[in-house]
Amino acid sequence: MEAATHPIGLYLKVWLLLFVLSTFSYLVDFFHAEGYLRWMLILLLMMAKAGLIVAVFMHLRWERAALIYVVLAPPACLLVLAWLMWLESGYTFFTRLLYFR
């Protein structure tokens, strides 16, 4: 069986894009972004870089759909659960303020 090969140009483009995204990450701190904007930009850039690395360098882009779902579904479920906990934390905080003064 012969292994599939990918053009070197693809890897060079991804490396360049990772460099550009890392530069943007640095610029977030350089321009002193604060608060939610800072964290939103940092997380967005981090997820973009991680997605590129997983898709191209770990060859997930060329895998079967079942393998992709096995790798991507658990983190998606964890994000949904974290979002639900965040919603619940507001309710718990205001309940404690109301009843435990």
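Located above this text is the structure these notes cover.
This is a predicted model, so every value here is computed, not measured.

> Whenever I open this one, the nonpolar core confuses me. Can you help?
The nonpolar side chains of soluble globular proteins are, as a tendency, buried together. Membership of the largest hydrophobic core is limited to 9 residues, which are Tyr 11, Val 14, Leu 18, Leu 21, Val 28, Ala 33, Leu 45, Leu 52 and Val 56. If we skip the residues at most four places from it in the chain, Leu 45 touches Leu 21, Phe 24, Ser 25 and Val 28.

> Help me understand the packing of aromatic side chains, please; the structure alone is not making it clear to me.
Aromatic ring pairs are described here by two measures, namely the spacing of the ring centres and the angle between the planes. The final tally for this structure, using the stated rule, is 5 aromatic pairs. With a centroid separation of 5.4 Å and an interplanar angle of 65°, the aromatic rings of Phe 93 and Phe 94 are classed as edge-to-face. Given a relative accessible area of 48%, Phe 93 falls into the partly exposed group. The class for Phe 94 is exposed, based on a relative accessible area of 56%. Ring pairing ties together the aromatic residues Tyr 11, Trp 15 and Phe 57, which thus form one cluster. Cation over ring: Arg 38 sits above Trp 39, and NZ or CZ is 5.0 Å from the ring centre.

> Hey, could you run me through a nonpolar patch on the surface in this one?
Taken together, the side chains of Leu 78, Val 80, Leu 81, Trp 83, Leu 84, Trp 86 and Leu 87 define a hydrophobic patch exposed on the protein surface, amounting to about 770 Å² of accessible area. Considering the arrangement of structural elements, one finds Leu 78 in helix 3 (residues 65-99). The exposure class assigned to Leu 78 is exposed, which follows from its relative accessible area of 58%.

Thresholds applied
Residues numbered from 1 in each chain as written. Predicted model: local features only at pLDDT ≥ 70, side-chain atom pairs only at ≥ 80, totals over all residues. Heavy atoms only, no water. Core = buried A, V, L, I, M, F, W, Y, C linked by side-chain atoms within 4.5 Å. Buried < 20%, exposed > 50% of the residue type's maximum accessible area, 1.4 Å probe, protein only. Contact = heavy atoms within 4.5 Å. Phe/Tyr/Trp six-rings, centres within 6.5 Å; stacked < 30°, edge-to-face > 60°. Lys NZ or Arg CZ within 6 Å of the ring centre and 35° of its normal. Patch = residues over 30% accessible without salt bridge, like charges linked within 9 Å, V, L, I, M, F, W, Y side chains within 5 Å. Areas by Shrake-Rupley, 256 points an atom, 1.4 Å probe, with all protein chains shown as cover. Salt bridge = Lys/Arg side-chain N within 4 Å of Asp/Glu carboxyl O. Helix = DSSP H or I, 4+ residues; strand = E, 2+ residues; numbered from the N terminus.

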